[in-house]
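Examination of the molecular architecture
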Amino acid sequence: MEGQKSIKPHSIAWKDRKKGAVAGVTDVVSFDENCVVLETEQGMLTVKGKGLHIGRLSLEQGEVEMEGTVDSMVYSGSNPAKKGSMMKRLFR
């Protein structure tokens, strides 16, 4: 089915607040050693901590692996996969 966006399952797997992976990622909005903001199938995910590092990134597969000390993970917004692209939402 051409033209349709395939929705990837979204999941988070983390071990000891030090290493983990996020699936269902559609974009990396921003990142530094204290904060990583990911656009996922379920909304924006903000990961805050110390020494954060993206070890592997594959947007084709929708996967991000990270290392560092995680202090918090917070979702904001709604499911972008159901609402369309960011640009589409801005120019309604």
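Quick note: structure is the one above.
Predicted model only: the values in this text are computed from it and were never measured.

This part takes up the pairing of strand β3 (residues 25–31). Across five bridges, the pairing between β3 and strand β4 (residues 35–40) is antiparallel. Among the inter-strand pairings, V28 is bridged to a residue of β4, identified as L38.

Note that side chains of opposite charge can pair when their charged atoms are close. Scanning the entire structure with this criterion turns up five salt bridges. Measuring nitrogen to oxygen at the nearest pair gives 3.3 Å for the salt bridge that ties R17 to D71. One end of the pair, R17, is in the loop between β1 (11–15) and β2 (19–23); the other, D71, is in strand β6 (residues 63–76), and 54 residues separate them in sequence. Residue classification places D71 among the partly exposed positions, given a relative accessible area of 43%. Between K19 and E67 there is a salt bridge, with the nearest N and O atoms lying 4.0 Å from each other. A residue pair is termed long-range when its members are at least 10 positions apart, and K19 in strand β2 and E67 in strand β6 qualify at 48 residues. Taking relative accessible area as the criterion, E67 reaches 39% and is therefore assigned partly exposed.

Reading the values: rules and limits
Residues numbered from 1 in each chain as written. Predicted model: local features only at pLDDT ≥ 70, side-chain atom pairs only at ≥ 80, totals over all residues. Heavy atoms only, no water. Pairing = 2+ DSSP bridges. Helix = DSSP H or I, 4+ residues; strand = E, 2+ residues; numbered from the N terminus. Salt bridge = Lys/Arg side-chain N within 4 Å of Asp/Glu carboxyl O. Buried < 20%, exposed > 50% of the residue type's maximum accessible area, 1.4 Å probe, protein only.

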